[in-house]
Amino acid sequence: MLRSTSRALTLVFSLLLLWLWGAAFSQAARFGNLTYRVPPGWSARVDGGVLALTPSNLPAGQTAFILLSPDAALPGDLRAWFEARVAGLHKNVKVVNVTPIQAGKGADGSPSFSQAAAVVGGSGETQYRFYVAGQFGKAPNARAVLLLYQASSLALVERYQAGLNTLADSVDLAGTAVAGASTPATSATAQTRPQTTPAAALPTVRTLNAAEFVRSGGNPEEALIPGEFRCYEERAGADYARPHLLVQILPGGQYRTAGGGGTFAVRKDGSLRKIRWQSGPLAGDREGYLSFGDHGQDFSLSEVGPQERDFECYQAGARETLARLEFALKTPKVGKYPCVATDGSNKGAGTLEILAGGQYRLNGGTGRYTVDLLSDQDEDWSDVDFVGGPWDGDGATYREDEDGERRFGPRRMECKVVVKPTPLPRYGTAKAPAPPKGSGGLSGAYASWTSDVGGYCGGLCWSFYVFNPNGYVYTDEPDAGLDDANCSRTKPNGLPVCEVYTFKGGQLKIGNDKAEPLRKKADGNYDKGGTTLTAIRPVAGLKLSGTYRSFSGSVGMGGMTSSFSESFLRFSPDGRFSREASGGFSATFTDTGSSSGTTTGGATATSSRASGGTYRFVGNTLELRYADGRVVRSFAFLGDGEKNGKPSTGLVHIGGRDYTLQDGK
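Residues numbered from 1 in each chain as written. Predicted model: local features only at pLDDT ≥ 70, side-chain atom pairs only at ≥ 80, totals over all residues. Heavy atoms only, no water.

Caption draft 1: Local environment of the pairing of strand β21 (residues 335–341). Here β21 pairs with strand β22 (residues 348–355) via five bridges, running antiparallel. The residue bridging K336 from the neighbouring strand is E353, located in β22. (Pairing = 2+ DSSP bridges. Helix = DSSP H or I, 4+ residues; strand = E, 2+ residues; numbered from the N terminus.)

Caption draft 2: The arrangement of the pattern of salt bridges in detail. One pass over the full model with this rule turns up 33 salt bridges. Across the salt bridge formed by E405 and R630, the nearest N and O atoms sit 3.7 Å from each other. Here E405, found in strand β27 (residues 405–408), pairs with R630, found in the loop between β41 (621–626) and β42 (631–638); they are 225 residues apart in sequence, far enough to count as distant. Accessibility assignment for this pair places E405 and R630 in one class, buried. Between R407 and E414 there is a salt bridge; the shortest N-O distance is 3.7 Å. Judged by relative accessible area, E414 falls into the buried class, the value being 12%. Where salt bridges share partners, they join E405, R407, E414, K416, D628 and R630 into one cluster. (Salt bridge = Lys/Arg side-chain N within 4 Å of Asp/Glu carboxyl O. Buried < 20%, exposed > 50% of the residue type's maximum accessible area, 1.4 Å probe, protein only.)

Caption draft 3: Fine view of the sheet that holds β22. Read around the closed barrel, eight strands run β21-β22-β23-β24-β25-β26-β27-β28, paired in antiparallel fashion. With direction set aside, neighbouring strand axes in the sheet form an average angle of 30 degrees. In the sheet, strand β23 (residues 359–362) pairs with strand β24 (residues 365–372) via four bridges, with the strands oriented antiparallel. Bridging from a neighbouring strand, L362 pairs with G365 of β24. (Axes fitted to C-alpha atoms, helices over the stretch in contact; angles between N-to-C directions.)

Caption draft 4: Up close: the side chain of Q135. Residue placement: Q135 occurs in strand β10 (residues 126–136). According to the relative accessible area criterion, Q135 is buried, its value standing at 9%. Engagement of the side chain of Q135 in a polar contact is seen with the backbone oxygen of G137, the distance being 3.1 Å. (Polar contact = N/O pair within 3.5 Å; in protein donor to acceptor, adjacent residues only side chain to side chain.)

Caption draft 5: Region of interest: unusual backbone geometry. A positive phi angle, near 60 degrees, is found at E303, a position not held by glycine. Examined against the element boundaries, E303 turns out to sit in strand β19 (residues 296–304). Here N363, not a glycine, exhibits a phi torsion of approximately 50 degrees, which is positive. Looking at where N363 falls in the secondary structure, it is placed in the loop between β23 and β24.

Caption draft 6: View of the state of the cysteines. For the structure on display, the rule yields three disulfides. Here C231 engages in a disulfide with C313; their sulfurs sit 2.1 Å apart. Taking the torsion about the sulfur-sulfur bond, which here is approximately 110 degrees, the covalent link between C231 and C313 counts as right-handed. Placement of C231 in strand β13 (residues 227–233) and of C313 in strand β20 (residues 309–315) is noted, with a sequence separation of 82 residues between them. Per residue, the accessibility class of C231 equals that of C313, and both read buried. (Disulfide = S-S within 2.5 Å.)

Caption draft 7: Highlighting the sheet that holds β19. Sheet architecture is closed into a barrel: eight strands sit in the order β13-β14-β15-β16-β17-β18-β19-β20, paired in antiparallel fashion. Here the strands of the sheet are splayed against their neighbours by 30 degrees on average, with no regard to which way each runs. Where helix α6 (residues 318–329) meets the sheet, it contacts β13, β19 and β20, and its direction lies at approximately 120 degrees from that of β20. (Contact = heavy atoms within 4.5 Å.)

Caption draft 8: Spatial organisation of the nonpolar core. If you look at the biggest cluster of nonpolar residues, it comprises 26 residues, and the most contacted ones within it are I66, L68, L147, Y149 and L167. Only β2 (34–36), β4 (50–55), β5 (64–68), β9 (111–120), β10, β11 (143–151), α3 (154–159) and α4 (161–170) provide two or more residues apiece to this core. Core analysis: the next-biggest nonpolar cluster, separate from the first, contains 23 residues, Y232, L352, W391 and F408 among them. (Core = buried A, V, L, I, M, F, W, Y, C linked by side-chain atoms within 4.5 Å.)

Caption draft 9: Up close: the packing of aromatic side chains. Summed over the entire model, instances satisfying the criterion amount to 28 aromatic pairs. With centroids separated by 6.5 Å and ring planes inclined at 75 degrees, the aromatic side chains of Y314 and F327 adopt a geometry described as edge-to-face. Of this pair, Y314 sits in strand β20 while F327 sits in helix α6, and the two are 13 residues apart along the sequence. F327 shares its class with Y314; the two are buried. For the ring pair Y615 and F617, a centre distance of 6.0 Å and an interplane angle of 80 degrees mean the geometry is edge-to-face. An aromatic cluster is defined as three or more aromatic residues linked by ring pairs; in this entry it consists of F229, Y255, F264, W277 and F299. Above the plane of the ring of Y427 lies R489, whose end atom (NZ or CZ) is 3.9 Å from the centre. Between the NZ or CZ atom of K543 and the centre of the ring of Y615, over which it lies, the distance is 5.6 Å. (Phe/Tyr/Trp six-rings, centres within 6.5 Å; stacked < 30°, edge-to-face > 60°. Lys NZ or Arg CZ within 6 Å of the ring centre and 35° of its normal.)

Caption draft 10: Layout of the side chain of D71. Checked against the element boundaries, D71 lands in the loop between β5 and β6 (72–73). With a relative accessible area of 10%, D71 lands in the buried category. Reaching out from D71, the side chain makes a polar contact with the side chain of N33 at a distance of 3.1 Å. For D71, the side chain forms a polar contact with the side chain of R143, separated by 2.9 Å.

Caption draft 11: Representation of the pairing of strand β30 (residues 461–467). Counting buried residues along β30, six of its seven residues qualify, which places the element largely inside the surrounding structure. Across seven bridges, strand β29 (residues 444–450) lies against β30 in antiparallel orientation. Paired with A445 across the bridge in β30 is V466. Sheet topology places β30 next to strand β31 (residues 472–474); two bridges connect them, and they run antiparallel. What sits directly across from V466, in β31, is Y474. Taken together, β30 and the strand that follows it, β31, pair antiparallel across an intervening segment of four residues, in which G471 is found at a positive phi of about 120 degrees.

Following this line, the structure appears as structure tokens:
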């Protein structure tokens, strides 16, 4: 029993060491000389001169709370002060097990200590405790604070870890309360999270957008843009009220965190770029990839510090704004979600009600739920776990898509509701500059295709060219229609949505690409270096009849994994449609981890959905109005062009996928 308890304590201690206090970027409440923020779903009160915080959804008969002592003068050594306080708290309980004291140093060199223990009180039940002591300032004006976290089970320790994290990260010493106080120290493992010292420790820096960086001679695809990056830890929970780490990128290959500065370098890794942290508090961390997109830059930080913590870091401005909007879309919203079975019967399964305060109700039964959206920030969904009630112990995924569909995907059913879509920022506020003199000379929208080797394009692999006579060309696939190719707009990162092109002497040059010969063909299309650019003609008023199928699939290296996505669109000339979509993934496990080994197991997952409504083609847009209220608009054109002077409807390109007419079906 003692050995088992010791292992459990070690696990809990390792878990909690990830969330020891730093200082908040903003405070919402004050307790004596301390400032703090009450975690969402918790309540705080002062009891006997101690700040006590409790979660509002605590199960009956269970205990969980956090106690924060007032700051006290520290006449001597913090460790001795800490040991004395813990010993006093152990006088009236039986100590079952205790971990060694963990020592650390803050960014300013101030000491901090922490310790976990399992104790038995007067009730006879085991309680799990976690103590932390931190020092603010230096002698002779040093102050000390003690935090105690207690729960009646390890499950509760994990359940309320997000609340503990919020409080611990927010505790600070009011700057005017203690004369001579210096920057507050972080806690026992502050050396693993130098970023949580006060934001005031970092000077304000201006973050350039991509357009400004390019004008200064930089390449945002190959180099980090100077400015601030806001990092969110990949950890269980949904608390993204503020970043968990700040990294400032400075000129000359320098960087800075609240725990100190250092140097970095960006190196090539094939067609990608990796960041190597050469010195300073991030030195020795695993290299992370640099990514650049329409909203700006982001990179990952992996295995930071002894606790090997992982972060996703987003460039301040448009890129972080996008990330936080995506976090919000993965946070379940209060409301009613009608449920249906997913076994093909579409049988009603009640209505899921998401209530305030982390509560849910289904068919008269109530319980709680928790959300984890930070552990895997690349996904467009979050994990939801249910405790108590009809779904006790079950899990689900939640997402809100670009069409306004909010959907839970619990086991054997789906629960969804359609609301007004939340738009994500697509364009910047500035207008694109005029192209250089001498560029331009073409007009019209064209597309070319290549064979889909590997099954990644969902049909053919297409390239697009929407030429503006003034010298801009739009080379992305439009989302909803050719109106997206408005070259007067900029991306959220500040760069124009279009590229500059020149057409001189029969040579077409787009951006930094190599010039290629371009000649007009007799049918009105173009030949570009041996590739045909086919004119994209409007499909306004088009009526289709029959079943169209789109399929894509891929097989991983060695044949160990495979995936597929299949969609059927059934059109009728009266303007109605139905849609069926399915997808799946399979993996094979062997004793060697390769296809040459002996198979030891495998896993397969599939899903399917069906829906329908009305359709119409407007310009180069297909508008689908679903029966549940969703309206989806997708770029569309006829991939086969014309045959015998008439539009060929055997292949329709819709929303990035090729749909082919199924003969006889």
